[in-house]
Amino acid sequence: MTNPNAFTFGAQETTNWWADRMDPQKEAERQAKREAIEADQRRMVEDYHRQEAVNYASPAIISTIQTYLAKGEMADTNTVASEFAQALPDAAPGLFRQVLDDLKVQGKVYEVQNAPGLMGMRSSHLYLLEG
């Protein structure tokens, strides 16, 4: 006895692999999913690089501020930035400000803006909140 439906399995399916691949709507969904995964990966890599930069540069900034505070002087932001550039000459140009902003968000450093001075220029001073 033979099964008359043995070779018709799948013939009734409405979609097949090629139809699925050629469907513009499904291709758009797959492309959106790929782009979301790639954007998430880029974000994770950027977060990792940012954390590495903070781990690399924050000790230099904190020790420079501590040096000024130990002498009883105010740590001017521009002076700390120039000493940071001397201490880490291979650092990226915007790394000081990026790491300083991260330290402020973490609550380790406080930046006090002074009143406008000559020709409206503002200066700021840095203080440690920890340690």
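Every chain is numbered on its own, with residues counted from 1 as its sequence reads. With pLDDT at 70 or above as the cut-off, local features in this predicted model cover only qualifying residues; side-chain atom pairs require 80 or more to be listed or tallied, and sums for whole chains, interfaces and linings still use all residues. Hydrogens and waters are ignored; side-chain quantities use all the structure's heavy atoms.

1. Side note on the sheet that holds strand S3 (residues 124-128)
Strands are treated as partners if at least two bridges between them are detected by DSSP. Numbering goes from the N terminus for both helices and strands, where a helix is a DSSP run of H or I of at least four residues and a strand is a run of E of at least two. What the 3 strands build is an open sheet, ordered S1-S3-S2; its pairing is antiparallel. The sheet terminates laterally at strand S1 (75-76) and strand S2 (109-113), the two strands that pair on one side only. As paired strands, S1 and S3 are joined by 2 bridges and run antiparallel to one another. Within the sheet, the bridge partner assigned to Ala75 lies in S3 and is Leu126. The contact criterion used is simple: two residues touch if any of their non-hydrogen atoms lie within 4.5 Å. Simply put, an axis is a line fit to the C-alpha atoms, just over the touching stretch for a helix, and the angle between two N-to-C directions goes from 0 to 180 degrees. Of the strands in this sheet, S1, S2 and S3 are in contact with helix H2 (residues 24-71), which crosses S3 at around 95°.

2. What to know about H2
Taking 1.5 Å per residue, 48 residues should reach 70 Å; H2 reaches 69 Å between its end C-alpha atoms and fits that length. Partly exposed residues are those whose accessible area sits between 20% and 50% of the maximum for their type, while under 20% is buried and over 50% is exposed, using a 1.4 Å probe and protein chains only. Listed as buried for H2 are Arg30, Ala53, Val54, Ala57, Ser58, Ala60, Ile61, Thr64, Ile65 and Tyr68. If you follow the buried residues of H2, they end up packed against helix H1 (17-22), S1, helix H3 (77-87), helix H4 (95-106), S2 and S3. Downstream of H2 by a residue or two, Gly72 has a phi angle that is positive, lying close to 85°. One fewer than the residue count of a helix, multiplied by 1.5 Å, yields its expected span.

3. Comments concerning the packing of aromatic side chains
Ring pairs are drawn from Phe, Tyr and Trp, using the six-membered ring of Trp, whenever the two centres fall within 6.5 Å, and their geometry is named by plane angle: stacked under 30 degrees, edge-to-face over 60, tilted for the rest. Summed over all chains, the structure comprises 1 aromatic pair. Seen in terms of ring centroids, Phe84 and Phe96 are 5.5 Å apart; in terms of plane orientation they differ by 50°. Their pairing is tilted. Note that Phe84 is positioned in helix H3 and Phe96 in helix H4, a separation of 12 residues in sequence. The two residues Phe84 and Phe96 agree in class, both being buried. One cation-aromatic arrangement involves Lys71 over Tyr68; the distance from NZ or CZ to the ring centre is 5.0 Å. By the criterion adopted, a ring carries a charge over it if an Arg CZ or a Lys NZ lies within 6 Å of its centre and within 35 degrees of its normal.

4. So, the nonpolar core
What we call a nonpolar core is a set of buried Ala, Val, Leu, Ile, Met, Phe, Trp, Tyr and Cys residues that are connected through their side-chain atoms within 4.5 Å. Ranked by size, the top nonpolar core spans 18 residues in total, and within it Ile61, Ile65, Val80, Phe84, Val99 and Leu126 carry the most contacts. When residues of this core are traced back to their parent elements, those giving at least two are H2, H3 and H4. Ranked by residues supplied to this core, first place goes to H2 with 7 residues. Filtering out sequence-adjacent residues up to four positions away, Val99 remains in contact with Ala53, Val54, Ala57, Ser58 and Ile61.

5. A few points about the environment of Tyr110
Tracing the chain through its elements places Tyr110 in strand S2. Overall, Tyr110 belongs to the partly exposed group, its relative accessible area being 46%. Distance in space between the C-alpha atoms of Tyr110 and Leu129 is 6.6 Å, their sequence separation being 19 residues. In contact with Tyr110, other than residues within four places in its own chain, are His125, Leu126, Tyr127 and Leu129.

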